[in-house]
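Chain residues, written in single-letter form:
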Amino acid sequence: MGSEFKVVRGGRLLDVSTRSAIHRDLLIEEGKIIEIDLPGMSVPDGAAEVNAKGMMLMPGLINAHTHGHGSLGKGLGDRWTLEHLLHAGPWINGHRTLEDKRLSTKLNAAEMVLKGCTATYDLYFEFPAPTLEGMHAVAMGYADVGVRSTIAPMMADHTLYTAIPELLAVFPDSAQKQLSQIRAAPAREILKACAALLIDWPYDLRRTKLALAPTIPLHCSDEFLIGCRDLALEYEVGLHMHLSESRIQAVSGLERYGKTLTAYLDDVGMLSPRFTGAHCVWLDDDDVKRLADNGCSVAHNPGSNLRLGNGIAPARRMLADGVNVGIGTDGSQCADHQNMFEAMRLASFVSRVVTPDTEGWLETAEVIAMATRGSAEALGFGSSIGRLEPGARADIVFLDLTNINFVPLNDPVNQIVHTEDSSAVHSVMVDGDFILENRQFTTIDYEKLCRDAESASERLLAANAETRAFAESLDTYVSKFCVGLAHRPYHIHRWAGEQPAVRSVEESSLKQ
Ligand SMILES: [Zn+2]
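Below: a short report on this structure. (Residues numbered from 1 in each chain as written. Predicted model: local features only at pLDDT ≥ 70, side-chain atom pairs only at ≥ 80, totals over all residues. Heavy atoms only, no water.)

With respect to the overall build of the protein chain
Summing up its helical and strand segments, the protein chain has 20 helices and 19 strands in all. Here the C-alpha radius of gyration of the protein chain, 23 Å, is about what a compact globule of 512 residues would show, namely 24 Å. Based on the C-alpha atoms only, the size of the protein chain along its principal axes is roughly 75 × 55 × 40 Å. Long-range pairs, those at least 24 residues apart, make up 77% of the contacts in the protein chain with a sequence separation of at least 6. For the protein chain, the distance from the average position of its 47 positive side-chain charges to the average position of its 67 negative side-chain charges is 2 Å. (Helix = DSSP H or I, 4+ residues; strand = E, 2+ residues; numbered from the N terminus. Rg over C-alpha atoms; globule rule 2.2 N^0.38 Å. Contact = heavy atoms within 4.5 Å. Lys, Arg positive; Asp, Glu negative; His and termini not counted. Charge placed at Lys NZ, Arg CZ, Asp CG, Glu CD.)

Remarks on the coordination of the zinc ion
Every protein donor of the zinc ion is listed here as H65 (NE2), H67 (NE2), H242 (NE2) and D330 (OD), and their distances to the metal cover 2.0 to 2.7 Å. Positions of the donor residues of the zinc ion along the chain correspond to the pattern H-x1-H-x174-H-x87-D. Here H242 lies in strand β12 (residues 238-243) and H65 lies in strand β8 (residues 61-66), a separation of 177 residues in the sequence. For H65, a relative accessible area of 0% corresponds to the buried category. Relative accessible area serves as the criterion here: at 5%, H242 is assigned to the buried category. (Donors = N, O, S within 2.8 Å, 3.2 Å for Na, K, Ca; no water. Buried < 20%, exposed > 50% of the residue type's maximum accessible area, 1.4 Å probe, protein only.)

So, the environment of A320
Within the secondary structure, A320 is located in helix α13 (residues 315-321). Judged by relative accessible area, A320 falls into the exposed class, the value being 59%. With 139 residues separating them in the primary sequence, A320 and R459 have C-alpha atoms 48 Å apart.

A short note on the pattern of salt bridges
Where charged atoms from two side chains of opposite charge come close, those side chains can pair. Counted by the stated rule, this structure contains 30 salt bridges. Across the salt bridge formed by K101 and E126, the nearest N and O atoms sit 2.6 Å from each other. Placement of the pair is K101 in helix α2 (residues 98-114) and E126 in the loop between β9 (117-125) and α3 (132-145), with a sequence separation of 25 residues. Residues K101 and E126 agree in their burial class; the two are buried. Put simply, E389 and R387 hold a salt bridge, and the shortest N to O gap is 3.9 Å. Accessibility expressed as a relative area gives 31% for E389, which makes it partly exposed. (Salt bridge = Lys/Arg side-chain N within 4 Å of Asp/Glu carboxyl O.)

Here we look at the pairing of strand β14 (residues 297-300)
Sheet faces and side chains relate simply in a regular strand, where the side chains alternate between the two faces. Going residue by residue along β14, you find S297 and A299 tucked away on one face and V298 and H300 tucked away on the opposite face as well. The pairing of strand β13 (residues 275-279) with β14 spans three bridges and is parallel. Residue pairing for β14: T276 is matched across the bridge by S297. Sheet topology places β14 next to strand β15 (residues 324-327); four bridges connect them, and they run parallel. Note on β15: the bridge partner recorded for V298 is V325. (Pairing = 2+ DSSP bridges.)

A look at the side chain of S221
Along the chain, the position of S221 falls in the loop between β11 (208-214) and α8 (222-235). Once residues within four sequence positions are removed from consideration, S221 is found in contact with D157, H158 and A187.

Thoughts on the packing of aromatic side chains
This model, assessed by the stated rule, comprises eight aromatic pairs. With a centroid separation of 5.9 Å and an interplanar angle of 40°, the aromatic rings of F125 and F127 are classed as tilted. Its relative accessible area of 25% is what places F125 among the partly exposed residues. You can call F127 partly exposed: its relative accessible area is 42%. Members of the aromatic cluster, joined through ring pairs, are Y161, F171 and Y477. The ring of F381 is capped by K209, whose NZ or CZ atom sits 4.4 Å from the centre of that ring. (Phe/Tyr/Trp six-rings, centres within 6.5 Å; stacked < 30°, edge-to-face > 60°. Lys NZ or Arg CZ within 6 Å of the ring centre and 35° of its normal.)

Structural notes on the sheet that holds β12
Read across the sheet, eight strands follow the order β8-β9-β10-β11-β12-β13-β14-β15 without closing on themselves; strand pairing throughout is parallel. Of all strands in the sheet, those bounded by a partner on one side alone are β8 and β15. The mean inter-strand angle of the sheet, taken between neighbouring strand axes irrespective of direction, is 25°. Strands β8, β9, β10 (148-155) and β11 of the sheet are contacted by α3, whose axis makes an angle of about 155° with β10. (Axes fitted to C-alpha atoms, helices over the stretch in contact; angles between N-to-C directions.)

Concerning the sheet that holds strand β4 (residues 25-29)
Strand pairing in a sheet is mediated by backbone hydrogen bonds. Such pairs are either parallel or antiparallel. Strands sit in the order β5-β4-β1-β6 across an open sheet of four strands; the sheet is mixed. Among the strands making up the open sheet, the edge pair consists of β5 (32-37) and β6 (48-51). Strand-to-strand, the axes of this sheet are offset by a mean angle of 25°, without reference to chain direction. Pairing analysis gives five bridges linking β4 to β5, with the strands arranged antiparallel. If you follow I28 over to β5, its bridge partner there is I33.

Looking at the side chain of R9
Summarising the element assignment, R9 is placed in strand β1 (residues 5-9). Side-chain polar atoms of R9 contact the side chain of D25, separated by 2.8 Å. When sequence neighbours within four positions are dropped, the list of residues in contact with R9 reads D25, G40, M41, V43, E49, V50, N51, A52 and K53. (Polar contact = N/O pair within 3.5 Å; in protein donor to acceptor, adjacent residues only side chain to side chain.)

Thoughts on the environment of G269
By the secondary structure assignment, G269 is in the loop between α10 (261-268) and β13. With relative accessibility at 32%, the residue G269 sits in the partly exposed group. C-alpha separation for the pair G269 and M41, spaced 228 residues apart in sequence, amounts to 51 Å.

Here's what the structure looks like:
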């Protein structure tokens, strides 16, 4: 047994508040940072030395919203709305074995680590209901690589077609028949599976937490939502939902509930500090206030929102009102990657197109705080991660300062958000142990992972070919439906008088 002490010497520690990278040594005891001081600080005898010369040390980025099942689906879609993506779900995710579930999660985790991310909130989808073995495969996929995770089975007791019957109605009769036969498990059965998971979750909660994800309000009955709410309360776990992601959802929600989706969730008692809403694009001022008043978190996924044409979430407004906001990539089936540096850059950029007033734009320092501390809070890890300070876990990304992205080093905060593309990620530590060292994994055989992923993907695409052909034959109907519904009025009252650009964007999208 070696010493439980480790000292990281010679590196430059990112200091967001002063926008600098200052020379500091870090002392780590059993995976926790216990002291940070000037170079050459004295440390206990036998402390193992880590040389960080030429490196900038920053907290591991935290991905507030992903889907482990999505990693095998990167690059499969192009001009897809969210509804196209959901419609494609059966062929993207079908025929997965337990080993495939572990593999796709592992692939997701590996990409995150290569791109400087050390923890994630994963909404993993199993159909018609989550299984014990499936969620354990997901937990093990993250553990294999060494990524911290909060794993939430993604569930619904309705399918896309029963959730939005108007969509089903646009398909030819034969297709309607076939699609209406797809059935999610009944609420009671899914809740039973959740309870079984919660009662006996064998993992170290400092590394692998469990949460519940009733995926989309419209896809969940009241009975199911309330059941999830009560279980989350009883077992003190998080709740994560896709909230007002697409305009279709916002319009359909208004028609179904007679109020916004957020107002509806508030009425059902879903909103609380354990709640994370993903996307939150189509919120009005009252919705943002509801989330703030209930101490909720939001996972802001600007890349996915752009890719699926969903729009831009009011992140500045949320922060101003006191909502905790983290940043996520979303799954690779709709983000096409797990690059948190790009997610940060997009968060910064999209905040700039909604208003000409620079006061309304996100500052790069805020963006880093969202992708670290904000996400940590959403995942349920509080202040134990997302910061490099005494008392925090030693989840550290070592950025190579000789990488061209940091030459010259003018402002590390701006450069991390606006320049870095993950190519400077040299090494990554979780709990003080390297999981990536000099761009090589210490935890997994990366070449084997690639081979396994290629062969699984080939096998699964063949197994799902018929389902795919059927779904794709109906894509034009989905498109027509989406365009039709997008023309229905959905007036949201946001930033009255303050941010005219937002309003004109919304108005022009109505006219098209
Ligand atoms: Zn998602």
